[in-house]
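The lines below spell out each chain.
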Amino acid sequence: MNIIRIENPDDPRTAAFRDIRERDLTGRQGLFVAEGEVVLRVLASPASRCRTRAVLLAENRLTALTDVLAALPPETPVHVAPQPVLDGIAGFHLHRGILAIGEKPRETGLAEVLEGMPERALTVLACGIGNHDNMGGVFRNAAAFGADAVLLDRACCDPFYRKAIRVSVGAVLRTPIAVGLDAMAAVEALKAAGFAVLAMTPSADRTLDQIPPSPRIAVVLGSEGPGLPPELIARCTPVGIRMSGGFDSLNVGTAGAIALHHFARLA
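Residues numbered from 1 in each chain as written. Predicted model: local features only at pLDDT ≥ 70, side-chain atom pairs only at ≥ 80, totals over all residues. Heavy atoms only, no water.

What follows deals with the pattern of salt bridges. Considering all chains together, one arrives at 16 salt bridges under this definition. When the shortest N-O distance is used, the salt bridge between R154 and D182 registers 3.4 Å. With R154 in the loop between β7 (149-153) and α7 (162-167) and D182 in the loop between β8 (177-181) and α8 (183-192), this residue pair connects regions lying 28 residues apart in the sequence. By relative accessible area, which is 59% here, R154 ends up exposed. Under the relative-accessibility criterion, D182 is labelled partly exposed at 34%. One connected set of salt bridges, linked through shared partners, spans E35, R96, R162 and R166. (Salt bridge = Lys/Arg side-chain N within 4 Å of Asp/Glu carboxyl O. Helix = DSSP H or I, 4+ residues; strand = E, 2+ residues; numbered from the N terminus. Buried < 20%, exposed > 50% of the residue type's maximum accessible area, 1.4 Å probe, protein only.)

In structure tokens form, the structure reads like this:
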């Protein structure tokens, strides 16, 4: 392992990790910050679609992570610092004591993602989801229920934002993704590829249990509050979730989980 001891928060070798909260807001030119042990283990695993560029640890975390670090390419720098120095680099108290810089995967277009789909496939099309907690939840659910890809329209937030990755428990790092899509065009491309495209909306006349099975399902999710635009719903099959007590909607992560679980069972 390429262990580098850091004793000063101004050490230039840790510049990529400095003031991460502020830099999260401006983007990192193809890189991202991964935080916590679970996310680091995913990033360093064979399932990851991303490359680990560098690691920064509190010195008391090194021993427990030896197996993960040993699996990294030997040239990957592993910076180790006392907790106060680590906090000085990050710009706040980093109680997890684990950061890594990762390299985003090569961008893939929708056509390429669809070409890689199996004959029986389940996917998510997210439209206008700007909350990073919700974005992370969408990816966590997609991974949990075996979705083959997550597609994001151009109004969605960056799934590689640090909090979104953390909430997804690393699922963002291993899930095939297409980003920056035109939602309408994406719906038409999914339909042309043989997908039943289901728009999750409280206004639907049919609920999940009334939708016939299909070998290819795309679940379309919108932002909380406004939901999906009517013109997009009109291009899809509207679907709702049976509820009681006068409720007509759920958190987008919860709604997506219920829909994905339902269709994963039918696959």
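Still more ground to cover, so stick around.
With respect to the helices and strands, P159 occurs in the loop between β7 and α7. By relative accessible area, which is 4% here, P159 ends up buried. As a C-alpha pair, P159 and N134 span 25 residues in sequence and 9.9 Å in three-dimensional space. When sequence neighbours within four positions are dropped, the list of residues in contact with P159 reads M135, F139, L152, A164, I165 and V172. (Contact = heavy atoms within 4.5 Å.)

One non-glycine residue, V169, adopts positive backbone phi at about 45°. Residue placement: V169 occurs in the loop between α7 and β8. Among the residues examined, V169 registers a relative accessible area of 33% and is labelled partly exposed.

The values reported here are purely geometric and, on their own, carry no functional implication.
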